[in-house]
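If you want the building blocks of each chain, they are given just below.
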Amino acid sequence: MKKYILIIFFLFSNYAMSETINIKMLNKLGKERMVYSEKIVRINVGDEIFWESTDKGHNVEFIKGGIPEGVEIFKSKINEDVSYKFTIPGIYAYWCTPHKSLGMIGFVVVDGDKSNLEKIKQLRFFGQSKKLAKKLIDQL
């Protein structure tokens, strides 16, 4: 009985301690155009990211090959707020589908797990995202 009480307590304490991080999808931030308000976010398993469609014309799409094994591809609709709860550790690479070549990319590192870093390094980025991705990947 004690064992079950401890398991239930552990599950609820993890749920209560989970965070929601807000990232804005923006047309402009400082001197940058077409950008997420945060480019690299470090979170824990169970945390959630809420992408806010602050400016119109943006979405979130996990990049094929840029997510941990076992994670399904995720793609939001244009102009919609969306959230995603991260349950698998690793690095998640994502972009705004219409603005991926303009540098609108981001990374989420879950539980500090970088086991899929080599796959992230092999992703093909385009236009302005190519140079930015290299810089960001070096910071992971």
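Just so you know, the residues in each chain are numbered from 1, in the order the chain's sequence is written. Reporting of local features is limited, given that this is a predicted model, to residues whose pLDDT is at least 70; pairs of side-chain atoms are given and counted only at 80 or more, and all residues count toward the totals for whole chains, interfaces and linings. No hydrogens and no water enter the side-chain calculation; it runs on all heavy atoms of the structure.

**Describing the pairing of strand β4 (residues 48–52)**
Consideration 1: Only protein chains enter the area calculation, which uses a 1.4 Å probe; residues under 20% of their type maximum are buried, those over 50% are exposed, and those in between are partly exposed. The way it works is that DSSP assigns letters per residue, a run of H or I at least four long becomes a helix, a run of E at least two long becomes a strand, and they are numbered from the N terminus. Where burial is concerned, the two faces of β4 differ: the one with I49 and W51 is buried and the one with E48, F50 and E52 is not.
Consideration 2: In short, DSSP must find at least two bridges between two strands for them to pair. Where strand β1 (residues 20–29) and β4 come together, five bridges link them in parallel fashion. The partner of N22 across the bridge, within β4, is F50.
Consideration 3: By the bridge criterion, four bridges tie β4 to strand β6 (residues 82–85) in an arrangement that is antiparallel. For W51, the partnering residue across the bridge sits in β6 and is V82.

**Some details on helix α3 (residues 128–139)**
Consideration 1: Expected helix span is given by 1.5 Å per residue-to-residue step, counting one fewer step than there are residues. With 12 residues, α3 should reach 16 Å at 1.5 Å per residue; the first-to-last C-alpha distance of 17 Å fits that figure.
Consideration 2: Burial in α3 covers these residues: S129, L132, A133, L136 and I137. Summarising the axial view, the buried residues of α3 lie within an arc of 135°, below the 170-degree limit, and thus occupy one face. Exposed side chains of α3 directed beyond 90 degrees from the buried face belong to K130, K131, K134, K135 and D138.
Consideration 3: Note on contacts: a residue pair is in contact if any heavy atoms of the two residues lie within 4.5 Å. Along its buried surface, α3 packs onto β3 (40–43), β8 (105–110) and α2 (117–121). This arc corresponds to the set of directions leading from the helix axis out to the C-beta atoms.

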